[in-house]
Structures are given as structure tokens and as C-alpha cells.
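Geometric and topological summary
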Amino acid sequence: MVNKETIKTWAEDGVGVIQLNRPKVLNALNRRMVTEILLTLEEWDKDDSVAVIVVTGNYKVFAAGADIDEMAGDDSISLELLNQFAEWDRIAWVKKPIIAAINGYCLGGAFELALSCDLIVAAEDAQFGFPEINLGVMPGAGGTVRLTKLMGRAKALEWLWTGEYMSAKTALENGVVNRTVARELVFEETMKLARKIAKQAPLSLRMIKESVNKSVDHSTYEAMQFERKNFYMLFSSEDQKEGMNAFIEKRKPNFKGK
Ligand code: DAK
């Protein structure tokens, strides 16, 4: 693991926390930060002591998008050779649940990062948006794709074309975020949700994530075949025996992720 210069990380109660930490530039995501986030996600994905991962900003913002100073000098070939989008793709391969806790601005690449997470808890005054159009570019790390899948074509186009900021209320109404809470409670409420999920059977969590993701891009038939195989697979686990025996014996299950 590289030294963490742009994020802070810690783990408690089975929840790993990644806090974006470039406050002087509103947590603008530079390349180093994206790499540090990805490497931490991948490290925790293999770490039995972490069941759920939370990505959060600081008290003021989640992040104001990719680092414009760093991007300004790029050209098509430098971007192609750098191939950093491949790193963003790997966020979607993380098997454990990832929850984004959003306050303040969540713009551009930061909105794409949040949309790459599985659940989003937002402050009532959080602001989401894709202001890339104001810079003469467009989202490139899934923004046009993921927003369209959530809101539908016409609504997504309006937000992407105008570059206006979307309120947390609108994001909630359109299924972009899971819940909104008072600003001062965002982290606490996210951790509550994360701790609750972290107590669930680990193998079930990952198989459910895989199956739900499959349903997004495949036909109902294909996704259901995949779901069924995952369902069958869980019957090879010790946790399935433990969960069902615990029910029969009227006690709490002790899941081990095996
Ligand atoms: N990049 C660099 N610095 C930023 C920044 C950013 N995105 N956002 C803010 N800052 C800096 C400001 O320059 C300022 O620095 P100083 O002047 O103090 O040195 C400091 O943070 C505080 O910002 P402001 O003074 O502007 O704060 P305000 O409260 O007045 O305004 C704001 C807040 C969020 C409205 C404003 O800062 C703003 O408009 N920021 C830019 C928002 C934006 O356009 N973001 C989208 C960037 S495009 C990629 C993957 C994804 C992407 C790209 C590539 N690859 C995989 C290769 C994504 C692209 C984007 O996100």
C-alpha cells in the first residue's frame, strides 16, 4: 500500500472508513487520491476484519470533482496512455458493500465516485452535479451512464447539459441517493447503517451485490439464472448451516464468512 497523503483511513466495528482529505482544494480528486482510494478498497476487500466500507468527505464537502489544475494540461494521448479510467472501473469490482456519506458539494468525478458506491447517504443540504460542461468537457468515469440508468434519459440529459446542481431532495426523489439526513448526522447515520449491514452474513452480502449488479446490465432471464447459482452456492457455506441451525435452535447466528 502506498503512503496515504490524500486520504485518512481507519476501521471500527467491521467498518472501514475512507475520508477524502485535501481540504484546501475542497477535496478535489487528484490522481494520487484516486489511486489511494482504489488501493484501500482493494486491500479491505481482502481483509476479514472489514465487512463494509464507507467513503466520506470532511465536515464541509464530499469533493468538488476531479482536480482541475492537474487535468488542465492533459491531452487525448496523455489520458489514453495514463489509462486512469481502468482504475475507476476497478471500484465496481469491489465485492464488499461500499456506502458514500455525502455532505456539501459532490460534483463531477466526486459524483461519479459516489455513484460507483452501492448506497448513498446525503446531507439535506448536499449538492450534486456534473459541471464538466462548464469546463468544455463531459463526465468520463460513468456519469452519463449511471445517472441515466437511475433517472432516465431526459432527466439525466437536463442535468448533464445545464451543469446545474441537484439538491439532495431531488436526488432522493429520483433514486440517486438512499436517504437524506441532517448535515450534522450524515457520518453518524451512515456508520449506523454500515454497522447494521456489517453484522449480516458476509457471503450473502457479496452474492447479493453481485446478483443485483447483474440485474442492471443483463436480461431478467440471465440475471435470474445468475441469482439462482449464487443462491445454490450459499448452500455450500458454513454460514448457511449456522444461520438455519440458529433459527431452529432459537439463538442468534454467529456468521464467519465461510
Ligand atoms: N479542482 C481544483 N481545485 C479546486 C476544485 C477542483 N475541482 N474545486 C475547488 N478548488 C479549489 C479552488 O480553486 C480554491 O482554491 P484557492 O483559490 O483557495 O487556492 C479552493 O478549492 C476553494 O474553492 P472556491 O474558492 O472556489 O470555493 P467556493 O466555495 O467559492 O466554490 C465550488 C465552491 C465547488 C462551487 C467551486 O470551487 C467550483 O466550482 N469548483 C469546481 C467544480 C467543478 O467544476 N468540478 C468538476 C471538475 S471536472 C477522470 C475521471 C473523472 C474526471 C476526470 C477524469 N479520469 C479517470 C482520468 C472528472 C472530471 C471532473 O470532475
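Attention in this report is confined to the structure presented alongside it. (Residues numbered from 1 in each chain as written. Predicted model: local features only at pLDDT ≥ 70, side-chain atom pairs only at ≥ 80, totals over all residues. Heavy atoms only, no water.)

Taken together, three strands build an open sheet; the order of strands is E5-E7-E8 and the sheet is mixed. Whereas interior strands pair on both sides, the edge strands pair on one side only; in this sheet they are strand E5 (105–107) and strand E8 (166–167). (Pairing = 2+ DSSP bridges. Helix = DSSP H or I, 4+ residues; strand = E, 2+ residues; numbered from the N terminus.)

A separate point is the packing of helix H5 (residues 109–116) against helix H6 (residues 143–151). Put simply, H5 and H6 touch, their axes get as near as 10 Å, and they point 55° apart. Judged by the inter-axis angle, H5 sits oblique to H6. The chirality of how H5 crosses H6 is left-handed. Residues Phe111, Glu112, Leu115 and Ser116 of H5 form the contact with H6, whose own contacting residues are Gly143, Arg146, Leu147 and Leu150. Broken down by class, the residue content of the contact of H5 with H6 amounts to four nonpolar, two polar and two charged. (Axes fitted to C-alpha atoms, helices over the stretch in contact; angles between N-to-C directions. Parallel < 35°, antiparallel > 145°, perpendicular 65-115°, else oblique. Left-handed = near helix turned anticlockwise from the far one by under 90°. Contact = heavy atoms within 4.5 Å. Nonpolar A, V, L, I, M, F, W, Y, C, P; charged D, E, K, R; others polar.)

This part covers the site of the ligand. Taken together, 23 residues lie near the ligand, and Ala64, Ala66, Ile68, Trp88 and Gly109 sit nearest. Gly109 places a main-chain nitrogen or oxygen 2.7 Å from an oxygen atom of the ligand. Protein coverage of the free-state accessible area of the ligand, which is 1100 Å², stands at 65%. For the shell around the ligand, the elements supplying multiple residues, two or more each, are helix H2 (68–71), helix H4 (85–91), E5 and H5. Class assignment of the residues belonging to the shell around the ligand gives a composition of 15 nonpolar, four polar and four charged. (Near = heavy atom within 4 Å. Polar contact = N/O pair within 3.5 Å; in protein donor to acceptor, adjacent residues only side chain to side chain. Areas by Shrake-Rupley, 256 points an atom, 1.4 Å probe, with all protein chains shown as cover.)

Relative to the helices and strands, Thr56 resides in strand E3 (residues 52–56). Here Thr56 falls in the buried class, since its relative accessible area comes to 7%. Each residue touching Thr56, except ones within four places of it in the same chain, is listed here: Val17, Ile18, Gln19, Leu20, Phe62, Ala101 and Phe187. (Buried < 20%, exposed > 50% of the residue type's maximum accessible area, 1.4 Å probe, protein only.)

We now examine the layout of surface pockets. Of the voids in this model, the largest pocket is the one considered here, and its volume is about 1200 Å³. Forming the boundary of the largest pocket are 38 residues, of which Asp118, Lys209, Val212, Asn213 and Val216 lie nearest the centre. Breaking the lining of the largest pocket down by element, the ones donating at least two residues are H4, H5, strand E6 (119–123), H6 and helix H10 (202–217). When residues of the lining of the largest pocket are assigned to their parent elements, the largest contribution, eleven residues, is made by H10. When the residues that make up the lining of the largest pocket are grouped by side-chain class, the tally is 20 nonpolar, eight polar and ten charged. The computed volume of the second largest pocket comes to approximately 690 Å³. Around the second largest pocket, the lining is made up of 30 residues, and of these Ala66, Met71, Glu132, Val137 and Met138 lie nearest the centre. Among the elements of the structure, helix H1 (31–45), H2, helix H3 (76–82), H4 and H5 are those that each provide at least two residues to the lining of the second largest pocket. (1 Å grid on protein atoms, 1.4 Å probe; cavity = no way out; pocket = protein on both sides within 12 Å on 5 of 7 lines; lining within 4 Å. Points joined across faces, edges and corners; volume = space filled by probe spheres on them.)

Let us look at the nonpolar core. Core analysis: the largest hydrophobic core is formed by 61 residues, its most contacted members being Leu20, Ile37, Phe62, Ile102, Leu113, Phe128 and Leu147. Dropping the residues within four chain positions of it, Ile102 is found in contact with Phe62, Ala114, Ile120, Val121, Ala122, Ala123, Ala126, Phe128 and Val186. (Core = buried A, V, L, I, M, F, W, Y, C linked by side-chain atoms within 4.5 Å.)

The phi torsion at Leu26 lies on the positive side, around 50°, for a residue other than glycine. As for its placement among the helices and strands, Leu26 is situated in the loop between strand E2 (15–20) and H1. In this model, Asn83 sits at a positive phi of 50°, which is unusual for a non-glycine residue. Tracing the sequence through the fold places Asn83 in the loop between H3 and H4. Its relative accessible area of 45% is what places Asn83 among the partly exposed residues.

Here the focus is the pairing of strand E1 (residues 7–12). Two strands pair when backbone bridges link them, and E1 and E2 are joined in this way by six bridges, in the antiparallel orientation. For Glu12, the partnering residue across the bridge sits in E2 and is Val15. Connecting E1 to the antiparallel partner E2 that follows it, the hairpin turn spans two residues, and Asp13 within it adopts a positive phi of roughly 50°.

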